[in-house]
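Overview (structure and organization)
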Amino acid sequence: MHQDMLGANCLESSFAERALGFMVATKLNVKQNVPLQQRRLMVHWEERCQQVNGGDPSPLLSTANVCVVKVDGTPYLCKADEVGEICVNSGATGMAYFGLLGITKNVFEAIPLTAAGVPVSDQPFTRTGLLGFVGPDYLVFVVGKLDGLMTVSGRRHNADDVVATALAVEPMKFVYRGRIAVFSVTVLHDDRIVLVAEQRPDASEEDSFQWMSRVLQAIDSIHQVGVYCLALVPANTLPKAPLGGIHISETKQRFLEGALHPCNVLMCPHTCVTNLPKPRQKQPDVGPASMIVGNLVAGKRIAQASGRDVTQLEDNDQARKFLYLADVLQWRAQTTPDHPLFLLLNSKGTVASTASCIQLHKRAERVAVALMEKGRLNVGDHVALVYPPGVDLIATFYGCLYAGCIPITVRPPHPQNLATTLPTVKMIVEVSKSACILTTQVIMKLLKSKEAATAVDIKTWPTILDTDDMPKKKLASIFRPTSPDMLAYLDFSVSTTGILAGVKMSHAATSALCRSIKLQCELYPSRQIAICLDPYCGLGFALWCLCSVYSGHQSILVPPLELESNVSLWLSAVSQYKVRVTFCSYSVMEMCTKGLGTQTDILRMKGVNLSCVRTCMVVAEERPRITLTQSFSKLFKDLGLSARAVSTTFGCRVNVAICLQGTAGPDPTTVYVDMRALRHDRVRLVERGSPHSLPLMESGKILPGVKVIIAHTETKGPLGDSHLGEIWVSSPHNATGYYTVYGEAALHADHFTARLSFGDTQTVWARTGYLGFLRRTELTDASGERHDALYVVGSLDETLELRGMRYHPIDIETSVIRAHKSIAECAVFTWTNLLVVVVELEGSEQEALDLVALVTNVVLEEHYLIVGVVVIVDPGVIPINSRGEKQRMHLRDGFLADQLDPIYVAYNM
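Residues numbered from 1 in each chain as written. Predicted model: local features only at pLDDT ≥ 70, side-chain atom pairs only at ≥ 80, totals over all residues. Heavy atoms only, no water.

Brief notes about the overall build of the chain
- In terms of helices and strands, the chain carries 27 helices and 42 strands.
- Looking at the chain as a whole, 56% of its 909 residues are labelled buried.
- Sequence-distant contacts, at least 24 apart, represent 72% of the contacts inside the chain between residues at least 6 apart.
- Counting only carbon and sulfur atoms, one obtains 52% of the accessible surface of the chain, whose full area is about 37700 Å². (Helix = DSSP H or I, 4+ residues; strand = E, 2+ residues; numbered from the N terminus. Buried < 20%, exposed > 50% of the residue type's maximum accessible area, 1.4 Å probe, protein only. Contact = heavy atoms within 4.5 Å. Areas by Shrake-Rupley, 256 points an atom, 1.4 Å probe, with all protein chains shown as cover.)

Considering the packing of helix α13 (residues 391–403) against helix α18 (residues 538–551)
- Running from N to C, α13 and α18 cross one another at 65°; their axes reach a closest spacing of 11 Å. Considering how the two elements wind past one another, α13 and α18 form a crossing that is right-handed. Each of Leu-393, Ile-394, Phe-397 and Tyr-398 in α13 lies in contact with α18, whose residues at this interface are Phe-541, Trp-544, Cys-545, Leu-546 and Val-549.
- Split into classes, the residues belonging to the contact of α13 with α18 amount to nine nonpolar, no polar and no charged. (Axes fitted to C-alpha atoms, helices over the stretch in contact; angles between N-to-C directions. Left-handed = near helix turned anticlockwise from the far one by under 90°. Nonpolar A, V, L, I, M, F, W, Y, C, P; charged D, E, K, R; others polar.)

Concerning the packing of helix α11 (residues 325–335) against α13
- As a packed pair, α11 and α13 sit with axes 9 Å apart at the nearest point and diverge in direction by 110°. Taken together, the axes of α11 and α13 are roughly perpendicular relative to one another. Of the residues in α13, those in contact with Leu-325, Ala-326, Leu-329 and Gln-330 of α11 are Tyr-398, Leu-401 and Tyr-402.
- By residue class, the composition of the contact of α11 with α13 is six nonpolar, one polar and no charged. (Parallel < 35°, antiparallel > 145°, perpendicular 65-115°, else oblique.)

Brief notes about the confidence of the model for the chain
- Here the chain shows a mean pLDDT of 85. Residues at 70 or above account for 89%.
- Segment residues 1–49 is flagged for pLDDT under 50; beyond a separation of four residues in sequence, or across chains, it makes 119 contacts in the model. (pLDDT = per-residue confidence, 0-100.)

Quick look at the environment of Val-549
- Within the element layout of this structure, Val-549 appears in helix α18.
- Taking the C-alpha atoms as reference, Val-549 lies 9.6 Å from Pro-525; in sequence the two are 24 residues apart.
- The residues contacting Val-549, other than those within four sequence positions of it, are Leu-325, Val-328, Leu-329, Arg-332, Leu-341, Phe-342, Leu-360 and Tyr-398.

Observations concerning the environment of Tyr-672
- On the secondary structure map, Tyr-672 appears in strand β30 (residues 670–674).
- For the pair formed by Tyr-672 and Ser-693, sequence separation is 21 residues and the distance between their alpha carbons is 5.8 Å.
- Discounting chain neighbours no more than four positions away, the residues touching Tyr-672 are Arg-684, Leu-685, Val-686, Glu-687, Arg-688, Ser-693, Leu-694 and Pro-695.
- At 3.4 Å, the side chain of Tyr-672 and the side chain of Arg-688 are in polar contact. (Polar contact = N/O pair within 3.5 Å; in protein donor to acceptor, adjacent residues only side chain to side chain.)

A short note on the pattern of salt bridges
- One pass over the full model with this rule turns up 31 salt bridges.
- Of the charged contacts in the structure, one is a salt bridge between Arg-301 and Asp-788, with a shortest N-O distance of 3.1 Å. Here Arg-301, found in strand β14 (residues 300–301), pairs with Asp-788, found in strand β36 (residues 786–795); they are 487 residues apart in sequence, far enough to count as distant.
- What you see here is one network of salt bridges that share partners, running through Glu-798, Glu-813, Glu-825, Lys-886 and Arg-888. (Salt bridge = Lys/Arg side-chain N within 4 Å of Asp/Glu carboxyl O.)

A few points about the sheet that holds strand β8 (residues 175–187)
- Overall, mixed pairing links the four strands, which are arranged β8-β9-β10-β11 in an open sheet. Two strands lie at the open edges of the sheet, namely β8 and β11 (264–267), each paired on one side alone. Here the strands of the sheet are splayed against their neighbours by 15° on average, with no regard to which way each runs.
- Against the sheet, helix α26 (residues 850–863) engages β8, β10 (227–233) and β11, with an angle of about 20° to β11. (Pairing = 2+ DSSP bridges.)

A few points about empty space enclosed by the protein
- Applying the stated criterion to the full structure yields six cavities of 30 Å³ or more.
- For the largest cavity, the lining is made up of 16 residues, of which Cys-537, Leu-539, Gly-540, Val-619 and Arg-883 are closest to its centre.
- Considering only residue class, the lining of the largest cavity consists of eight nonpolar, five polar and three charged. (1 Å grid on protein atoms, 1.4 Å probe; cavity = no way out; pocket = protein on both sides within 12 Å on 5 of 7 lines; lining within 4 Å. Points joined across faces, edges and corners; volume = space filled by probe spheres on them.)

Topic: the sheet that holds strand β41 (residues 867–873)
- Read from one edge to the other, the open sheet built from four strands follows the order β39-β40-β41-β42, with strand pairing classed as mixed. The open sheet terminates on both sides in strands that have one partner only, identified here as β39 (823–831) and β42 (904–907). The mean angle between the axes of side-by-side strands here comes to 15°, regardless of whether they run parallel or antiparallel.
- With eight bridges joining them, β39 and strand β40 (residues 834–841) adopt antiparallel strand pairing. Bridging across to β40, Val-828 finds its partner in Val-837.

Some details on α18
- Given a rise of 1.5 Å per residue, 14 residues ought to cover 20 Å, and the 18 Å separating the end C-alpha atoms of α18 matches this to within 8%.
- At Trp-544, α18 shows its strongest bend, of approximately 40°.
- With 14 of 14 residues buried, α18 is to be regarded as a mostly interior element.
- Positive backbone phi, approximately 90°, marks Gly-552, located one or two places after α18. (Expected span 1.5 Å × (residues − 1). Bend = angle between axes of the 7 residues up to and from the residue.)

Digging into the state of the cysteines
- Evaluation of the coordinates by the stated rule reveals zero disulfides.
- Free cysteine: Cys-272, not disulfide-bonded; nearest cysteine sulfur from Cys-268 at 6.9 Å.
- Here Cys-272 falls in the buried class, since its relative accessible area comes to 10%. (Disulfide = S-S within 2.5 Å.)

Focus on the pairing of strand β16 (residues 340–345)
- Buried residues dominate β16, accounting for five of its six residues.
- Here β16 pairs with strand β17 (residues 351–356) via five bridges, running antiparallel. Within β17, the position partnered with Pro-340 by the bridge is Ser-356.
- Linking two consecutive strands that pair antiparallel, namely β16 and β17, is a turn of five residues; a positive phi of about 90° is found at Gly-349 within it.
- Alignment of β16 against strand β25 (residues 554–557), held across three bridges, turns out to be parallel.

Structural notes on the packing of aromatic side chains
- What the rule picks out here adds up to 16 aromatic pairs.
- The interplanar angle of 85° and the centroid separation of 4.9 Å between the aromatic rings of Tyr-738 and Phe-752 together place this pair among those described as edge-to-face. With Tyr-738 in strand β34 (residues 737–738) and Phe-752 in helix α24 (residues 745–752), the pair connects residues that are 14 residues apart, well separated along the chain.
- On the basis of relative accessible area, Tyr-738 is assigned to the buried category, the value being 18%.
- Grouped by ring-pair contacts, the aromatic residues Phe-397, Tyr-398, Tyr-489 and Phe-541 constitute a single cluster.
- Sitting over the face of the ring of Trp-461, Lys-426 holds its NZ or CZ atom 5.0 Å from the ring centroid. (Phe/Tyr/Trp six-rings, centres within 6.5 Å; stacked < 30°, edge-to-face > 60°. Lys NZ or Arg CZ within 6 Å of the ring centre and 35° of its normal.)

Notes on unusual backbone geometry
- Look at Lys-716: it is not a glycine, yet its phi comes out positive at around 60°.
- Its place among the elements puts Lys-716 in the loop between β32 (707–711) and β33 (725–730).
- Its identity is not glycine, yet Arg-803 carries a phi of approximately 55°, on the positive side.
- According to the relative accessible area criterion, Arg-803 is partly exposed, its value standing at 22%.

Focus on the pairing of strand β7 (residues 155–158)
- Of the strand pairs in this sheet, strand β6 (residues 149–152) and β7 are connected by four bridges, and their pairing is antiparallel. Counted as the bridge partner of Val-152 is Arg-155 from β7.
- What sits between the antiparallel neighbours β6 and β7 is a turn of two residues, in which Ser-153 has the positive phi angle 50°.

Put into structure tokens, the structure is as follows:
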């Protein structure tokens, strides 16, 4: 066979070399670099079928018959100007493959047919696996091998031709001649060309990239086809075939599995993926297209639901008596002084501190005295509480209420990471206009240290008081608010989009929140609950600082930070105290799942038993992570954890507790929705296991006193059952507004005092900023009514608008994490209309570049999106807040400021 024709890299031995007992003499009368399609057109002679009989004088063996048949389907003879597969009828060919009947029938027993469907011979022909045509003088021209045939966008290309073109671009300088593999992979319903070459050790990265870009241009201009991926691997790392060439199928397999380990890679999805679905065109000026008739909208029941009616459940006198938490604490200190309220555990599982009703009351009094005498504060002044998780934080909170001050809980700075954690503390203190900081002696020294001075201006701190050594004075009089609508505390937190927002909680909202949680979870003084959450904001703060005082139950406090040195601390505490109700965050659940996965037998031997748990609730401001909750339930089933126990909660800035499973009511339901419909803001329910199906779990039961409605994001009209829209909430424990010193007042008002554009235009709602839908289920709740389930899909602020559709980051991230075992975590965001995927690599750095192609492939296949930038980073780079939620906007800022210190950044062309 002509050496140049096959390409210098003498690829894998094909059927031809195994089946033929001779070599076909060939002549080449066309340019090597001309594409297959053009080469066909260069053969001009009379229209006759390509069949050569060995009896004629020709370079063929005298006993052989050769014909050229169509490559696909039935073996019809090719026309004279067509390239097809060469078939041979000769006594010198093999007869069969041993034990392989199917392949034998296909290869050794082909019957070529004329255009009329008549067999050309009564003898079977053997397929050679070679591509070619019969030329003048009965010469057989071989142009390549069937193994190397690639069909891209309906056009055929020969791998050997692409190899020859690549070799023509400065062949000896950067890559080893002959060590190039070209194959196709299927991505998004079409074949894509991949070129892998071995790089010379002395070639620099810059030189290699220049060579790669020149190869791309050469292949594009000569073959009119785009290369999907061009990868360079270190010398002598491509798998070898038995005859010494490159093993193509093994190379392809390694590429698809992410085991190729390239040293340079260039992905070009933008230039070669031309079959993406058309972008969605949004219609301008959307008006209210729905009709309301009674309680129907657009022919469906209005998507509105509410928790139990609070007024029927509880005595109004008690509600009035429990209106102010400061009054509740005093009353408990008088009536049940020694009743235990709080119990704090350390990393060893031993009790670090406790507080009974009277102890908490007395500590709060001493704090109030210190605020007035040392701090010289007035009623209404704001006080920042900078404490580690513990009883001190709770005591100072009530001390502020006793003094009439407004407390703001702030996470203390990390001593080993002052540069990033201290500015957040400073920002909250400044934005909240705090007149004083209460803290411990240790943290006070830290705030005023030289190290702190390099991160922030320490001279601008307000008065800092430490509460380690307070005067034991009795408070003259405890402050009593003049109205329940007065501000009780400020709740500051950084949202998942990286915005620092503080919400105002009135005394009425605070007591209503506690009342709802008490009723939902059936919390009474005889109960114990275990809390493994951070106490600085949202529902975590409410459960730590507010609920025990209101309901009288004992809270076993497990700071999540302690789990870093003792992963089993929380579950051991739940077992030890036989806790029926417990709360945790996703990060705690993940820590337990990963850290205790192999230790369930050891825990059982230590006596850990979780059969006491009735409800274990994950506190989150996001769509329930169904995979994590299921793997947690499955893992700890051996320790007695009921499969029905684990559920999630949902709250956000405008209302920290909208859904919470509690003890009564049906189990949370799961539905499967079509992910493609979600991108168009529609809900389409499908069967489990359907293509593109996405499981969504109900976020828990709607709390007593809470009303929820689904509103259209643009028209602000009500939507029907199972329609996707923004979740709006009306409740006595809604926050009363944002507390900020800047920003548009109208924007804030719109969040907290929104009204529907038609239908019930009187009710005042707060907009959560989350997309979701309500669905009436077949289940019944405690009242006998059919149960309405709320499904949270994702935050509106975080959605990605790409190609006219709405994507939720979590869906893309889930696909990416599945792509390779070494991907520990992933986060996505957009940058100048490009999709950026940041991947944490948990493995050796030689795997880093393997991930680029895998990530690009999976996002194309599952989401029809082209990834613009793939960033490979070390584990722990993606910022995560205390609830375990990704801070994608912080990550984006770090990427734009070049602060990620990545292992590799791939800019896809």
